[in-house]
Amino acid sequence: MSTVTDNDLKELKDLINSKFEQVDRKFEQVNEKIDSRFEQVDNKLNDMRVEIASIKGNQEGFSKRLDNLEFTNRGIFITVVSGLLLAVITLTVKFLAPPMS
């Protein structure tokens, strides 16, 4: 039967420690990769938030311009219709009313 010496225990301890160090290094590498991926995703999300805010701003600007255009078109329509009505009334009065002489 073999006996376990202090030297054998020390070698076993060193082997176990070296294996734990290897595992720790692997975990650190994996953690670094995961952290870098999360940073990339976070950066992309921030970029998307900025783009969405920009799109919302553009949409509000377009909506405002559309409202102004509707107001302008309504004013032009009222002016044209009023002019046509005035012309029709003037012509009607001119041709249907008896001359006053």
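Scoring rules and cut-offs
For every chain, the first residue of the written sequence is number 1, and numbering continues from 1 along that sequence. The model is predicted, so local features are restricted to residues of pLDDT at least 70 and side-chain atom pairs to those at 80 or more, both for listing and for counting; the totals for chains, interfaces and linings are taken over all residues. The side-chain values count all of the structure's non-hydrogen atoms but skip hydrogen atoms and water molecules. Secondary structure elements follow DSSP: runs of H or I no shorter than four residues count as helices, runs of E no shorter than two count as strands, and numbering proceeds from the N terminus. Here the radius of gyration uses the C-alpha set of atoms, whereas the globule reference equals 2.2 Å times the residue count to the power 0.38. The classification of residues rests on relative accessible area computed with a 1.4 Å probe and restricted to protein chains. Under 20% of the type maximum is buried, over 50% is exposed, and intermediate values are partly exposed. In this scheme, patches are assembled from residues that exceed 30% relative accessible area and form no salt bridge. Like charges are connected within 9 Å, while nonpolar side chains (Val, Leu, Ile, Met, Phe, Trp, Tyr) are connected within 5 Å. Here the accessible surface of atoms and residues is derived via Shrake-Rupley with a 1.4 Å probe, and residues count as covered only by protein chains that are part of the display. For this analysis, a salt bridge means a side-chain nitrogen from Lys or Arg found within 4 Å of a carboxyl oxygen belonging to Asp or Glu. Residues scored as charged are limited to Lys and Arg (positive) and Asp and Glu (negative), so that His and the chain ends carry no count. The atoms used to mark charge sites are NZ of Lys, CZ of Arg, CG of Asp and CD of Glu.

Caption draft 1: Broad picture of the overall build of the chain. Regarding its fold elements, the chain presents one helix and zero strands. Taking 13 Å as the expected radius of gyration for a compact globule of 101 residues, we find that the chain reaches 43 Å, considerably beyond that expectation. Based on the C-alpha atoms only, the size of the chain along its principal axes is roughly 150 × 20 × 10 Å. Burial status across the chain gives 0% buried among its 101 residues.

Caption draft 2: Representation of a nonpolar patch on the surface within the structure. A cluster of nonpolar residues, Val4, Leu9, Leu12, Leu15, Ile16 and Phe20, forms a patch on the protein surface that exposes about 590 Å² of accessible area. Mapped onto the fold, Val4 is located in the segment before helix H1 (6-96). Val4 sits in the exposed class, given a relative accessible area of 61%.

Caption draft 3: Representation of a negative patch on the surface. There is a patch of like negative charges on the surface, built from Glu21, Asp24, Glu28, Glu32, Asp35, Glu39 and Asp42. Here Glu39 lies in helix H1. Using a relative accessible area of 54% as the deciding quantity, one classes Glu39 as exposed.

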